[in-house]
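Each chain, written out:
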Amino acid sequence: SQQGEEDPQALSIQEGENATMNCSYKTSINNLQWYRQNSGRGLVHLILIRSNEREKHSGRLRVTLDTSKKSSSLLITASRAADTASYFCATGHAGNMLTFGGGTRLMVKP
Amino acid sequence: DAGVTQSPTHLIKTRGQQVTLRCSPKSGHDTVSWYQQALGQGPQFIFQYYEEEERQRGNFPDRFSGHQFPNYSSELNVNALLLGDSALYLCASSLGQTETQYFGPGTRLLVL
């Protein structure tokens, strides 16, 4: 079973626009991570936010975490066609086991 | 510095057969985790190996087994294959229990 739910399941935007993806989860976590996957290939780690953090930035990425609502959001600013991919949130638990959501498929049109 | 590598890249088997997938972790990493990703879904944790022992296991039947070798590489074995085992199998490595895991490109298994 999957821990998280991503919203929306699919998102289509124009190049230059911002993309926001949301993730909700059910149980307590050590951290929450976001990954990108291109065309069913391997996952690329984007950013990790720990349970005692509220916001984190990395380049064009901004992640927020609200543990009281058990939710997180990923914002990609000034999107590019190369950002087209599936994005997954994953909650980190004891022993470094990751539980993934179902993903958001992002399409950035040039 | 090689990242995580997996072999083979693609595999076709028939129901009832057995399959072995292989993973070499990123240089310096000693922990290997395996995930199954069905089409259109997120990856699901199968198990994790550290110091040649299975440390954690997800909700997968005993048909799924693994092994870790002294050089930290790992194998995933699936017996009595079912159609539902068709998926992308991902291997991830990390150094001990550090939080960030690095994923390989995956092995796509098709069971006919």
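Structure: above.
Parameters at a glance
- Residues numbered from 1 in each chain as written.
- Chains lettered and ligands numbered in written order.
- Predicted model: local features only at pLDDT ≥ 70, side-chain atom pairs only at ≥ 80, totals over all residues.
- Heavy atoms only, no water.
- Pairing = 2+ DSSP bridges.
- Helix = DSSP H or I, 4+ residues; strand = E, 2+ residues; numbered from the N terminus.
- Axes fitted to C-alpha atoms, helices over the stretch in contact; angles between N-to-C directions.

S.K.: How would you sum up the sheet that holds strand β1 (residues 5-7) of chain A? Please name residues and give values.
M.R.: Residues and elements named next belong to chain A. Read across the sheet, five strands follow the order β1-β3-β8-β7-β6 without closing on themselves; strand pairing throughout is antiparallel. Whereas interior strands pair on both sides, the edge strands pair on one side only; in this sheet they are β1 and β6 (55-58). Strand-to-strand twist in this sheet, taken as the mean axis angle between neighbours without regard to direction, amounts to 15 degrees. When β1 meets strand β3 (residues 19-24), the two strands line up antiparallel, connected through three bridges. Residue pairing across strands places Glu6 opposite Cys23, the latter belonging to β3.

S.K.: So what's going on with the sheet that holds strand β7 (residues 64-68) of chain B? Residues and values would help.
M.R.: All names here are of chain B. Reading across from one edge, β1-β3-β8-β7 is the order of the four strands in this open sheet, with antiparallel pairing throughout. Taken across any chain shown, the strands that pair with only one partner, and hence form the sheet edges, are β1 (5-7) and β7. For this sheet, the mean inter-axis angle between neighbouring strands, taken without regard to orientation, is 20 degrees. Summarising the sheet, strand β3 (residues 19-24) and strand β8 (residues 74-78) pair through five bridges and their orientation is antiparallel. Residue Thr20 lies in a different strand from β8, and its bridge partner there is Asn77.

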